[in-house]
Amino acid sequence: MSIHETSPSLPLVPLRDMVVFPSMMAPFVVGRRASILALEATLSTTEKKIFLATQRDPKVDDPSMDEIYHVGVIATVVQNLKLPNQNVKVMVEGLARAEIVSSKDENGYVSVVVREIDTRYPLTPEVSQYMQKLVEIFEQYAKMSHHLAFEGVMSTLKLDDPDKFADTLASHLLITTGEKQQLLETPSPYERLQKLQDFLEIEIEKINIDKRINSKVKKQMERAQKEYYLNEKIKAIHHELGRKDDRSDEIEELRQKIEEAGMPKETKEKAIQELKRLEAMPGVSAEATVSRNYIEWLVSVPWKKQSKEIKDIDLAEQILNEDHFGLEKIKERILEFLAVRQLVKQPKGTILCFVGPPGVGKTSLAKSIARATGRKFVRLSLGGVRDEAEIRGHRRTYIGAFPGQIIQRMKKAGTVNPVFLLDEVDKMSMDFRGDPSASLLEVLDPEQNNAFVDHYLDVEYDLSKVMFIATANVTHTIPAPLKDRMEIIQLSGYTHLEKLAIGRQFLVPKQKQEQGLEDSKITVEDTAVEELIDAYTREAGVRSLEREVGAVLRKVARQVVKQGSSFEAHIDRQKVRELLGKAKFRSQQMNDKAEIGLATGLAWTEVGGEILSTEVALSRGKGNLTLTGKLGDVMQESARAALSYVRSRAELFGLDPDFHASLDIHIHVPEGAIPKDGPSAGITMATALLSAVTKIPIHRNIAMTGEITLRGKVLPVGGVKDKILAAARAGITTIILPAENERDLEDIPQDVRGRMEFHLVESMDEVVNLALDGTIVPFAAKEKLPEPAKTIEPPITTH
């Protein structure tokens, strides 16, 4: 940017909401006291020159120099006219761009010293071609805007001077004051031409968008007016003919449905009020659609219709036994519920929660309950639900609003007393849209759910007659207030015999039917099902077992198709191995022999129980403790507590009190890729550690579980049934349990309990006596014994 020499001092007039360009004639009214004084000072000179600069905020009456753009235009006053209200109307002509150098106050106005900005630019063929292109774009803009006379503007454009061309074009554009100021502050004419092209293209696009929108609005208005006119005409024709129109029929039909729905008084009043509003609305309006949908939802939800319950306990028991094998406690609770229904006319709604591993029959059990009670069955999956509106619905003010899933499922059931399954209640989550588990608090509270309010219906709805059943794999992810409202019923994994019976009675016949083999001469031996249970599945339920049965029968079905319907097959253990190939799982069996530093523990997982070996190895070192096997924080703390217990009783165990100082201890739990946590491995790790340091092996047919304290107390643990079933599958016959877990033995099936021996212990002393295959000699007693002959010291490392 090139700047000329400083010009003499000029009076300053700040402009509001306008920018004057060089070579531009511009009229405006001067009304502020300082501006009038500056104008009078200008008119008193022979050249009548004035400096015009735009103020940044047009609302400021007395702007400071910081509130005025420093680049403006030197102009001459061409005409001035004093108005009756003391304002002065002036016509000015811009001369040149200039920048304020300094300013000072003069008798009530501001005078500024400015420097002119050089804007000369050579007229090259490229610039000339660019100017011609801008003329074409400006012509298109002028025709579309309807505010400009293109011919009049064209006569003022100087195609031989890029500077004046750009300024003239800028002065005629309908752009913001800030954008015009930006053009004024750009000295290079070529850069100004580029900015002008950008502005013109943006303005043309705006005009196109406005036209498209206006055209659509006009069409919609015309269509709405046409429909309204025709609807009114049809009404008049029907009236003359003495007929009712379709809209009247619709209103009458809705009124009849409201009368027949059996709504409570308040709800009925609200429905009739909404119907009156609908009647007064034009049928084609958007509000009419919203009102119609609302009324239709109100009349379609069941208010009084209910299923006739089956109260025959013997029939219900028969249905439950047909559908499920085992699950005696669950069946007993359901039959108790039915007995209460016979004695009490209006019992409160029951909320049960079935908790157990996948595949044990939680969802299918809910279906059986519906069948046994003669109720309708509806299911709502809550896995992954994170929006409160999924439960309570959206308010009618939202476009496309719907009731929540509770009301939608009640409409689907069609009765007020269905069996309502809330599946996977432990897998809900929450985010910024709300917490769906908090919405369920009202639904699952028998004291509150007789007045459940959905956001869409906005009326009270009675859920007290609904039998709610929730299912979950674990309970620790369910919020405590929600858990408090449900009766938790635990479903443990099936025993080997139960799985065999389920496979024989349910899975094989079902898969035969699904694979088209029900009429064929195919028999599945019990040994085949046993092989599938032992070698091809590892689960607490029977879902994988059903898949494997299906896989076997599909392979047989292929042979039936090839060889004809006369094909016969007897599927036994050997046949399963031929069809499915090598086993998927190695059987978890007890150790082959008693070993030092190797103890068998019991663990609980979401898919049932497992046996878990714990190994301890010693090596010369400095007393370091190493824990491996992907152990969680609680399990690592249990290992440290076990070590502290052994150290605190070292002399009683026949050990040097400082035995750990010269040893590094390594505790490892195999299957290191699987995360493990919890306190129940405490006594297992303590026993393995004690075995390693005393060099006494542990009985191979003993498994144990229990939490350990620093004083050697054995505390109770959970998941006992699943753990004992896992031990039974592994062939273990002796179990060490905390004494307080004695109550859990009642849940163990009789066939498992009969072939196992249980030892209930309160302290580690009892565990040590039972588990170690040898006697521990206390340290004090060792000192009294005669010194043995020197022998070669055996290696310390154990396995």
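None of these values were measured; they are calculated from a predicted model.

So, about the sheet that holds strand β10 (residues 419–423). Paired through backbone hydrogen bonds, the strands of a sheet run either parallel or antiparallel to each other. Here we have five strands laid out as an open sheet, ordered β9-β10-β13-β8-β14, and parallel in their pairing. The open sheet has two edge strands, β9 (377–381) and β14 (487–490), and neither has a second partner. Between one strand and the next, the sheet's axes are offset by a mean angle of 20 degrees, whatever the strand orientation. Here β10 pairs with strand β13 (residues 467–472) via four bridges, running parallel. By the bridge assignment, Leu421 is partnered in β13 with Ile469. Together, β8 (351–355), β13 and β14 form the strand contacts of helix α11 (residues 328–343), whose direction differs from that of β14 by roughly 145 degrees. Helix-sheet contacts for helix α12 (residues 362–373) involve β8, β9, β10 and β13, and the interaxial angle to β10 is about 175 degrees.

Packing of helix α17 (residues 496–514) against helix α18 (residues 526–536) leaves a shortest axis separation of 10 Å and a crossing angle of 120 degrees. As the angle between them shows, α17 and α18 are arranged oblique. As α17 runs across α18, the sense of the crossing is right-handed. In contact with His496, Lys499, Leu500, Gly503, Arg504 and Val508 of α17, α18 contributes Asp526, Val529, Glu530, Ile533 and Asp534. Across the contact of α17 with α18, the residue classes tally to four nonpolar, two polar and five charged.

Those residues of helix α20 (residues 573–580) lying buried are Val576, Leu579 and Leu580. Along the axis of α20, the buried positions cluster into a sector of 80 degrees, meaning they face one direction only. Buried residues along α20 sit in contact with α18, α19 (543–563) and β16 (568–571). Directly beyond the C-terminal end of α20, a positive phi value near 80 degrees is found at Gly581.

This brings us to the pairing of β9. Put simply, side chains in a regular strand alternate between the two faces of the sheet. Only one face of β9 is covered, namely the one carrying Val378 and Leu380; the face carrying Phe377, Arg379 and Ser381 has none of its residues buried. Where β9 lies against β10, five bridges are found, and the strand directions are parallel. Paired with Ser381 across the bridge in β10 is Asp423.

Structurally, the position occupied by Leu422 is in strand β10. Between the C-alpha atom of Leu422 and that of Ser291, which follows or precedes it by 131 residues, the distance is 31 Å.

In this section: the confidence of the model for the protein chain. Looking at the protein chain, the pLDDT average stands at 81 and 91% of residues meet or exceed 70. Taken together, the stretch residues 788–799 has pLDDT below 50 and engages in 14 contacts with residues farther than four places along the chain or on a different chain.

On to the packing of aromatic side chains. All chains considered together, the criterion is met by five aromatic pairs. Pairing Tyr121 with Tyr190 gives two aromatic rings, centres 6.2 Å apart and planes at 10 degrees, and the pair type is stacked. Here Tyr190 lies in helix α6 (residues 189–241) and Tyr121 lies in the loop between β7 (109–118) and α2 (125–145), a separation of 69 residues in the sequence. An angle of 65 degrees between the planes, with centres 5.1 Å apart, marks the rings of Trp303 and Tyr461 as edge-to-face. Of this pair, Trp303 sits in the loop between α9 (286–300) and α10 (313–323) while Tyr461 sits in strand β12 (residues 460–461), and the two are 158 residues apart along the sequence. Comparing Trp303 with Tyr461, the two get one shared label, buried. The ring of Trp297 carries Lys411 above its face, with NZ or CZ at 4.3 Å from the centroid.

This part takes up a positive patch on the surface. On the surface, Arg554, Lys555, Arg558 and Lys562 cluster together into a positively charged patch. Mapped onto the secondary structure, Arg554 falls in helix α19.

Our next topic: the packing of α2 against helix α4 (residues 162–172). Interaxial distance between α2 and α4 falls to 11 Å at its minimum, and their mutual angle equals 15 degrees. With respect to α4, the element α2 is oriented roughly parallel. The two elements α2 and α4 meet at a crossing, and its hand is left-handed. Each of Val127, Met131, Leu134, Val135 and Phe138 in α2 lies in contact with α4, whose residues at this interface are Pro162, Phe165, Leu169 and His172. Split by residue class, the contact of α2 with α4 holds eight nonpolar, one polar and no charged.

Lys180, Gln181, Leu183 and Leu184 are the residues of helix α5 (residues 177–184) that are buried. Mapping the buried residues of α5 onto a view down its axis gives an arc of 155 degrees, with all of them on the same face.

Criteria and cut-off values
- Residues numbered from 1 in each chain as written.
- Predicted model: local features only at pLDDT ≥ 70, side-chain atom pairs only at ≥ 80, totals over all residues.
- Heavy atoms only, no water.
- Pairing = 2+ DSSP bridges.
- Helix = DSSP H or I, 4+ residues; strand = E, 2+ residues; numbered from the N terminus.
- Axes fitted to C-alpha atoms, helices over the stretch in contact; angles between N-to-C directions.
- Contact = heavy atoms within 4.5 Å.
- Parallel < 35°, antiparallel > 145°, perpendicular 65-115°, else oblique.
- Left-handed = near helix turned anticlockwise from the far one by under 90°.
- Nonpolar A, V, L, I, M, F, W, Y, C, P; charged D, E, K, R; others polar.
- Buried < 20%, exposed > 50% of the residue type's maximum accessible area, 1.4 Å probe, protein only.
- Arc of directions from axis to C-beta.
- pLDDT = per-residue confidence, 0-100.
- Phe/Tyr/Trp six-rings, centres within 6.5 Å; stacked < 30°, edge-to-face > 60°.
- Lys NZ or Arg CZ within 6 Å of the ring centre and 35° of its normal.
- Patch = residues over 30% accessible without salt bridge, like charges linked within 9 Å, V, L, I, M, F, W, Y side chains within 5 Å.
- Areas by Shrake-Rupley, 256 points an atom, 1.4 Å probe, with all protein chains shown as cover.
- Salt bridge = Lys/Arg side-chain N within 4 Å of Asp/Glu carboxyl O.
- Lys, Arg positive; Asp, Glu negative; His and termini not counted.
- Charge placed at Lys NZ, Arg CZ, Asp CG, Glu CD.

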